[in-house]
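Below are the chains, spelled out letter by letter.
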Amino acid sequence: MTRDSESRKDGLTGRDGVTGNVFHGPAPFQLGDRNVQINHIHQAAPRRRPLVLAGTAVTTREELAAVIRGDWTAARRQFFEGAAATGAPSDGWLGLLTWLRELDGLTAEDLTAQIELIDHRLRDPLLPADLKLLHLLGWLDPAGEAVWRGTPVTVESLSEALRIGRLGESGPEWQLYRDLCEGGLLDALSRFTALSALRGTQRAWDEAWDSWRRLAAEVPGLPPEAREWAESGARGLLLAALLPYPESTTWLRAAREHVAPPPTGEIEWYDWLRARDGGSDTPVGWLMATDFTAYAAAQAEQRRRQAAVDRQNQRMTTVLDHASALRDRQWADYERRRLTPTARLGAVVRAMLWLGAWGLTTIPVAWIMWGWAQPDIALTLSWYLVALTLAAYAGGLPRVLRLGAAYQPPLRRVREWADGARADPGRVRRGLIRAGVVVGAVLILGVLLHDVGVIATTVLVVPLLAVVFHFARIGALHDWADEHQERLRDYQSRRADSGGIPQNIVRDVRSPSARVRADAYQAFIRQFIGLDHSGQDEDRDNGRRDR
């Protein structure tokens, strides 16, 4: 290297007065010189090998991001799901790692983010493959569209996932909401420019969720369904309250205005939570103003309905008690009139007339069969028949006394009774059998009187009298108290504790129609009243008997 002292005079001096240097050969340049001429050899940069994904060769970050958005499943399978039999990293992962390291044109910030991505995201064995791929996509093309499992994620889709997905059990909103609850998705989505406002939301959501669960565990008297919701669906609304976007705030306000809170002091657990929610603009405050206000309002409405039902039941119970007491009094009055001495004496007379009439109808049978040839035998048989009638009368008399006025043989309705008997084949058959028995007994007794004499026959008749007395005593004779038995069954079946209320009344008292409930209420009351057999009823019954 030589210095030309003349060059300073020939205008080679720079504007700053520093002399230029001219290098000849490979001699090193001197420090402080500005104009340096260096002769060296230039070599071309080696050509980078492209990355192939889903049949597409990519060389830039944007190209790889586009292929990942177009075929999410193939990218996840190639980069993060394949593995060698020995457990070594897969070729797909190694190819991606080499391709990332060979990228050029990266700034210092890009290189720092790339190291963070590879070392703390892509190599994390606990991170799911989908989240790894989302982190990779966010680094490759943060200004592009956020895609999760092949589906674009926007502010609107996040809001809908929290509004709809937390309430359902299927569908894309539910799937996205479930993935959000798994954790880590918000941080990965915040890498994208359009969703950068989500940074820090995951941590705030986790803190709000932990705080809410501790609070919900301490609340006294929380209904089971509300407690179950506090452990599940409430988490989504906490995130909706934390999202820094107006889309979620809009439907939160609509949900808050949709239901009115119950009055203070009506729902204890609700008042307890509102006193500790931290304010209406906090995540817990929004949760209380929406979901749990709905639970509290529903419980308050249920309590009011139950109180109305209880009041109605109390009124019905009171009326029922009065109606039952009235019916009992009516029955007691009926029983008192039925068992008065006069009523019992009338029953005794009616029984004597009725059985006497039947006894008198049997006497002609003896005279027809024996009177024309053996008048003394016919006379004796007549006395036997009278004795048998008296035995039946004596045996049935206690039952007649117990029935009192209820014993009503058809003394004044013989023709009506006979017409009814003829119309019933069964009654006709039983009547013929009884007539045959009477004729057979008269014939046998007559033969005995003729062959063995009066004394021996009388000895044989005495046990027959005992038999007739016994059967009459145990109720073999018709008691002619059908109307009384029907009244007794009606009274017992309509008592308040009998369970005899018709099903249509039970159904209609629960009807939402006030008119139907009123009709059922009146029918219900009529089940326990109307037993008053007053003097008018007695007269009407007697008139019917006279007919």
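Throughout, residues of each chain are indexed from 1 in the direction in which the sequence is written. Side-chain atom pairs in this predicted model are given and counted only at pLDDT of 80 or more, local residue features only at pLDDT of at least 70, and totals for whole chains, interfaces and linings cover all residues. For the side-chain quantities, the full set of heavy atoms in the structure was used; hydrogens and water were omitted.

> I would appreciate a short explanation of the overall build of the protein in the present structure.
Numbered from the N terminus, helices here are DSSP runs of H or I no shorter than four residues, and strands are runs of E no shorter than two. Per the secondary structure count, the protein includes 24 helices and four strands. Burial statistics for the protein: of 547 residues in total, 36% are counted as buried. Within the protein, contacts between residues separated by at least 24 positions form 67% of all contacts whose residues are at least 6 apart in sequence. Shrake-Rupley sampling with a 1.4 Å probe provides the accessible areas, and residues are treated as covered by the protein chains on show and by no other component. Accessible surface for the protein amounts to roughly 32400 Å². Of this, 57% is attributable to carbon and sulfur atoms. Only protein chains enter the accessibility calculation, which uses a 1.4 Å probe; a residue whose area is less than 20% of its type maximum is buried, one above 50% is exposed, and one in between is partly exposed. Any pair of residues with heavy atoms lying within 4.5 Å of one another is described as a contacting pair.

> Explanation requested: the packing of aromatic side chains in the structure shown.
Centre distance and the angle of the planes are the two values used to describe a pair of aromatic rings. The criterion for an aromatic pair is that two Phe, Tyr or Trp rings (for Trp, the six-membered ring) have centres within 6.5 Å, with stacked assigned to planes under 30 degrees apart, edge-to-face to planes over 60 apart and tilted to the rest. What the rule picks out here adds up to ten aromatic pairs. Each ring, one from Trp331 and one from Tyr334, has its centre 5.3 Å from the other, and the planes form 45°; the classification is tilted. One end of the pair, Trp331, and the other, Tyr334, are both in helix α15 (residues 291–338), three residues apart, so they sit about a helical turn from each other. Looking at Tyr334, the relative accessible area reads 6%, which means it is buried. In textbook terms, an aromatic cluster arises when at least three aromatic residues are bridged by ring pairs, as seen for Trp212, Trp269, Tyr270, Phe292 and Tyr295. We count a charge as sitting over a ring when the NZ of a lysine or the CZ of an arginine lies within 6 Å of the ring centre and within 35 degrees of the ring normal. Over the aromatic face of Trp139 sits the side chain of Arg61, whose NZ or CZ is 4.1 Å from the ring centroid. Over the ring of Trp205 we find Arg235; its NZ or CZ atom is 4.8 Å from the centre of that ring.

> What's the story with the nonpolar core in this structure? I'm lost.
Nonpolar side chains in soluble globular proteins tend to be buried together. Side-chain atoms within 4.5 Å link the members of a nonpolar core, which is a set of buried Ala, Val, Leu, Ile, Met, Phe, Trp, Tyr and Cys residues. Ranked by internal contacts, the top residues of the largest apolar core, which has 80 residues, are Leu64, Ile68, Phe79, Leu100, Leu136, Trp212 and Phe292. Here this core gets eight residues from one element, more than from any other, and that element is helix α5 (residues 129–140). Beyond its immediate chain neighbours, meaning those up to four positions away, Leu64 contacts Leu51, Leu53, Val58, Phe79, Leu96, Trp99 and Leu140. Within the second largest apolar cluster, 15 residues are counted, among which are Ala347, Val348, Tyr393 and Leu403.

> Would you explain the packing of helix α3 (residues 91–101) against α5 in this entry?
For any two helices packed against each other, one specifies the inter-axial angle together with the distance between the axes. Packing of α3 against α5 leaves a shortest axis separation of 14 Å and a crossing angle of 20°. Taken together, the axes of α3 and α5 lie roughly parallel to each other. Judged by the sense of rotation from one axis to the other, the crossing of α3 with α5 is left-handed. Across the interface between the two elements, Leu96, Trp99 and Leu100 of α3 pack against Leu136, Trp139 and Leu140 of α5. By the convention adopted, Pro, Cys, Tyr, Trp, Phe, Met, Ile, Leu, Val and Ala count as nonpolar, Lys, Arg, Asp and Glu as charged, and the other residues, Gly among them, as polar. Here the residues of the contact of α3 with α5 sort into six nonpolar, no polar and no charged. For helices, the axis comes from a line fit to the C-alpha atoms of the stretch in contact; other axes are also lines fit to C-alpha atoms, and the angle between any two N-to-C directions lies between 0 and 180 degrees. Note on angle classes: values under 35 degrees are labelled roughly parallel, values over 145 roughly antiparallel, values of 65 to 115 roughly perpendicular, and the remainder oblique. Left-handed is the label given to a crossing in which the near helix is rotated counterclockwise from the far helix by less than a right angle, and right-handed is the label when the rotation is clockwise.

> Looking at this structure, how should I read a nonpolar patch on the surface?
Patch membership requires more than 30% relative accessible area and the absence of a salt bridge. Residues of like charge join within 9 Å; the nonpolar side chains Val, Leu, Ile, Met, Phe, Trp and Tyr join within 5 Å. Take a side-chain nitrogen of Lys or Arg and a carboxyl oxygen of Asp or Glu: if they are within 4 Å of each other, that pair is a salt bridge. Residues Leu345, Val349, Met352, Leu353 and Leu411 make up a contiguous nonpolar surface patch of about 430 Å² in total accessible area. Note on placement: Met352 falls in helix α16 (residues 341–371).

> In this structure, what is going on with the pattern of salt bridges? I would like to understand it.
Enumeration according to the criterion identifies 22 salt bridges in this entry. When the shortest N-O distance is used, the salt bridge between Glu266 and Arg304 registers 2.9 Å. Of this pair, Glu266 sits in the loop between α12 (246–258) and α13 (268–274) while Arg304 sits in helix α15, and the two are 38 residues apart along the sequence. Members of the salt-bridge network, linked through shared partners, are Arg76, Glu81, Asp130, Arg149 and Asp179.

> What should I look at first to understand helix α9 (residues 201–218) in this one?
Note: α-helices contain 3.6 residues per turn, so residues at a spacing of three or four share the same orientation. How far a helix is expected to stretch is found by multiplying one less than its residue total by 1.5 Å. Taking 1.5 Å as the rise per residue, α9 with 18 residues should run 26 Å; its terminal C-alpha atoms sit 26 Å apart, in good agreement. Looking only at α9, the buried set comprises Thr201, Gln202, Trp205, Ala208, Trp209, Trp212, Leu215 and Ala216. The buried residues of α9 occupy an angular sector of 150° when the element is viewed end-on, so they sit on one face. Away from its buried face by more than 90 degrees, α9 exposes Arg203, Arg214, Ala217 and Glu218. Directions drawn from the helix axis to the C-beta atoms are what define this arc.

> Teacher, can you tell me more about the environment of Arg338 here?
Counting through the fold element by element, Arg338 comes out in helix α15. Along the chain, Arg338 and His484 lie 146 residues apart, while their C-alpha atoms are 9.7 Å from each other. Under the rule applied, a polar contact is a pair of N or O atoms within 3.5 Å (in protein, one hydrogen donor and one hydrogen acceptor; residues adjacent in sequence only if both atoms are side-chain atoms). Here the side chain of Arg338 touches Leu403 through a polar contact of 2.9 Å, landing on its backbone oxygen.

> Mind showing me how you'd approach the packing of helix α2 (residues 72–81) against α5 here?
Close contact between α2 and α5 brings their axes to 10 Å; oriented N to C, the two are set at 105°. Here α2 lies roughly perpendicular to α5, going by the angle between them. For the pair α2 and α5, the contacting residues are Trp72, Ala75, Arg76, Phe79, Phe80 and Glu81 in the first and Ala129, Asp130, Lys132, Leu133, Leu134, Leu136 and Leu137 in the second. Of the residues belonging to the contact of α2 with α5, the class tally is nine nonpolar, no polar and four charged.

> Where do I start with the side chain of Asp179 in this structure?
Position of Asp179 among the secondary structure elements: in helix α7 (residues 172–182). Within the structure, the side chain of Asp179 is placed 3.2 Å from the side chain of Arg149, a separation counted as a polar contact.

> Can you walk me through unusual backbone geometry in this structure?
Excluding glycine, residues mostly have negative phi values, and the peptide bonds linking residues are mostly trans. The residue Ala54 is not glycine, and still its phi comes out positive at about 55°. Relative to the helices and strands, Ala54 is located in the loop between β1 (51–53) and β2 (56–58). Of note in this structure, Arg149 is not a glycine but carries a positive phi near 55°. Structurally, the position occupied by Arg149 is in the loop between β3 (147–148) and β4 (151–152). Here Arg149 falls in the partly exposed class, since its relative accessible area comes to 37%.

> How should the confidence of the model for the protein be read in this particular structure?
Mean pLDDT over the protein: 79, with 80% of residues reaching 70 or higher. Per-residue confidence from the prediction method is given by pLDDT, with values spanning 0 to 100. When the elements of the protein are averaged for pLDDT, helix α24 (residues 535–546) gives the smallest value, 41, and β3 the largest, 94. The low-confidence segment residues 1–45 (pLDDT under 50) makes 27 contacts with residues lying over four places distant or belonging to another chain. pLDDT under 50 marks residues 532–547. Its contacts with residues more than four places away, or in other chains, come to 19 contacts.

> Is there a simple way to think about α7 in this case?
The set of residues buried in α7 consists of Leu176, Tyr177, Asp179, Leu180 and Cys181. Check the buried side of α7 and you find it contacts β3, α6 (155–163), α8 (185–189), α9 and α11 (234–242).

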